[in-house]
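Structure at a glance
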Amino acid sequence: MILVDSHAHIYSEKFSQDRDEALARALAEGVEKIYMPNIDHTSIDVMLETEAKHPQQCIAMMGLHPTSVDKDFEKELYLVEEWLGKREFAAVGECGIDLYWDKTFLPQQQEALKVQVALAKKHSLPIVLHTRDSFDETYDIIAAAQDGTLRGIFHCFSGTPEQASKVKELNFLMGIGGVATFKNGGLDKVLPHVQLEDLVLETDCPYLAPTPHRGKRNEPVYLPLVARCVAELMDKTIEEVADTTTRNALALFNG
Ligand SMILES: [Zn+2]
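Residues numbered from 1 in each chain as written. Predicted model: local features only at pLDDT ≥ 70, side-chain atom pairs only at ≥ 80, totals over all residues. Heavy atoms only, no water.

**Topic: the coordination of the zinc ion**
Worth spelling out the cut-off: Metal-coordinating donors are taken as N, O and S atoms lying within 2.8 Å of the metal, or within 3.2 Å when the metal is Na, K or Ca; because water is left out, some sites can appear incomplete. Irregular is the label for any site that misses the other tests, which are tetrahedral for four donors with all angles between 85 and 135 degrees, and square planar for four donors or octahedral for six when opposite donors exceed 155 degrees and the remaining angles lie between 65 and 115. Note on conventions: DSSP H or I runs of at least 4 residues are helices, E runs of at least 2 residues are strands, and numbering of each starts at the N terminus. Think of it in three bands: residues with accessible area under 20% of the maximum for their type are buried, residues over 50% are exposed, and the middle band is partly exposed, with areas taken using a 1.4 Å probe on protein chains only.
In the first shell of the zinc ion, the protein supplies H7 (NE2), H9 (NE2), E94 (OE) and D204 (OD), at 2.0 to 2.7 Å from the metal. Geometry at the zinc ion is irregular, judged from its four donor atoms and the angles of 88 to 178° they form at the metal. Written as a sequence motif, the donor arrangement for the zinc ion is H-x1-H-x84-E-x109-D. One end of the pair, H9, is in the loop between strand 1 (3-5) and helix 1 (19-28); the other, D204, is in the loop between strand 8 (199-201) and helix 7 (223-234), and 195 residues separate them in sequence. Each member of the pair, H9 together with D204, is buried.

Spelled out as structure tokens, the structure:
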């Protein structure tokens, strides 16, 4: 069984003591590819060092996370743009809108997302979206920009069946992680009504560890727990979930 973790902050300082071991543990469980979303200027060096040390397993994206958007966001975006012109990345991300922590910079977050959508188009890259408490705000920007060329992931999808259909209509995928294993996560009402073709798996480590590790540090080795839960909710085998979500992720990021 081969799995792809489509969203993992494995470069995080939470792994500074045992990153190599965590990656080896993941590989032993079949997690052969791990896509790393960037946060901001502070995460680029350690992310690229992780990729250089584990080039077969860890692949970098480039983008600006919405919680790092403030009044100086243009400087951060300039750096993102510069890096995208310098070398290859798997995707633009993670970017989007976050209204959970702070609504002060919503206009700046919207502007930063629009710029990154344009960068994704310019470089023909998929885009990885963060939509915490902001599905509608993010959807509006993506829908307005969708000209048939945009592809990407609504990462950490935890919305309604209606929102799942809107993601599909946009020709985007849903990133499914630890929330699928939470009792009140809500995905039990969504996953029975979607197709495996619409999904990729993710951990979002070090955050959102699946049950029974909820609240502890998450890591890619836990991805099979998510795959098993998705399989149960969709009445599929874990192998079917692994095969299709792996194919979806590789087609998106390598396409
Ligand atoms: Zn993330």
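**Structural notes on the pattern of salt bridges**
Here is the rule we go by: We count a salt bridge whenever a side-chain nitrogen from Lys or Arg sits within 4 Å of a carboxyl oxygen from Asp or Glu.
The final tally for this structure, using the stated rule, is nine salt bridges. Between R25 and D18 there is a salt bridge whose closest N-O contact spans 3.3 Å. Taking the shortest distance from any N to any O, the salt bridge between D198 and K168 comes out at 2.8 Å. Pair noted here: D198 is in the loop between strand 7 (173-176) and strand 8 and K168 is in helix 6 (residues 161-169), with a separation of 30 residues, a long-range link. Through salt bridges that share partners, D18, R25, R217 and E219 make up one connected network.

**Some remarks on the sheet that holds strand 8**
Here is the rule we go by: Note on pairing: two strands pair once DSSP finds at least 2 bridges between them. Where helices are involved, their axes are fitted lines through C-alpha atoms of the stretch in contact, as for all axes, and angles between N-to-C directions lie from 0 to 180°. Throughout, a contact is declared for two residues whenever any of their heavy atoms are within 4.5 Å.
Pairing is parallel across the open sheet formed by five strands, whose spatial order is 4-5-6-7-8. The sheet terminates laterally at strand 4 (92-98) and strand 8, the two strands that pair on one side only. For this sheet the average axis-to-axis angle between neighbouring strands, irrespective of direction, equals 30°. As defined by bridge partners, strand 4 adjoins strand 5 (residues 127-132) across five bridges and the pair is classed as parallel. Directly across from I97, in strand 5, lies its bridge partner T131. Strand contacts of helix 5 (residues 135-145): strand 4, strand 5 and strand 6 (152-154), with the helix running at about 150° to strand 5, the strand carrying the most contacts.

**Some thoughts on the nonpolar core**
Definition in use: In plain words, nonpolar cores are sets of buried Ala, Val, Leu, Ile, Met, Phe, Trp, Tyr and Cys residues tied together by side-chain atoms within 4.5 Å.
With 71 residues, the main nonpolar core has I127, F157, F172, I176, L191, L199 and V230 as its most contacted residues. Among the elements that line this core, the one with the most residues is helix 7, at six residues. Residues contacting I176, with those up to four places away along its chain left out, are F157, L187, L191, L199, V200, L201, E202, V226 and V230. Judged by nonpolar contacts, the second largest core, of 13 residues, contains V4, A90, V128 and A249.

**Observations concerning the side chain of H7**
Selection criterion: What qualifies as a polar contact is a pair of N or O atoms within 3.5 Å, subject to a donor-acceptor requirement within protein and to the restriction that residues adjacent in sequence count only when both atoms come from side chains.
With respect to the secondary-structure elements, H7 resides in the loop between strand 1 and helix 1. Here H7 falls in the buried class, since its relative accessible area comes to 1%. Polar contacts involving the side chain of H7 include one to the side chain of H155, which spans 3.3 Å. Among all residues touching H7, those that are not within four sequence positions of it are Y35, P37, E94, V128, H155, E202, T203, D204 and C205.

**Examining the environment of L84**
Topologically, L84 is positioned in helix 3 (residues 73-86). When its relative accessible area of 6% is taken as the criterion, L84 is described as buried. On a C-alpha basis, the gap between L84 and H65 in space is 15 Å, while along the polypeptide they are 19 residues apart. Not counting chain neighbours up to four residues away, the residues in contact with L84 comprise M62, F89, V92, L119, H123 and L125.

**Notes on the packing of aromatic side chains**
Our working rule: Centres within 6.5 Å are what make two rings of Phe, Tyr or Trp a pair, Trp counting through its six-membered ring; a difference in plane orientation under 30 degrees is then read as stacked, over 60 as edge-to-face, and the rest as tilted. Whether a charge sits over a ring comes down to the Lys NZ or Arg CZ being within 6 Å of the ring centre and within 35 degrees of the ring normal.
All told, the structure shown has seven aromatic pairs when counted by the stated rule. With a centroid separation of 4.9 Å and 85° between ring planes, the pair formed by Y100 and W101 is classed as edge-to-face. Note on F135 and Y139: the rings are 5.9 Å apart at their centroids and 15° apart in plane angle, and the pair reads as stacked. Of the two residues, F135 and Y139 are both situated in helix 5; the distance of four residues between them amounts to about one turn of the helix. Each of the two residues, F135 as well as Y139, counts as buried. Taken together, F135, Y139, F154, F157 and F172 form an aromatic cluster joined through their ring pairs. Taking NZ or CZ as reference, R87 lies 4.2 Å from the ring centre of F89, over its face. Between the NZ or CZ atom of R214 and the centre of the ring of F182, over which it lies, the distance is 3.6 Å.

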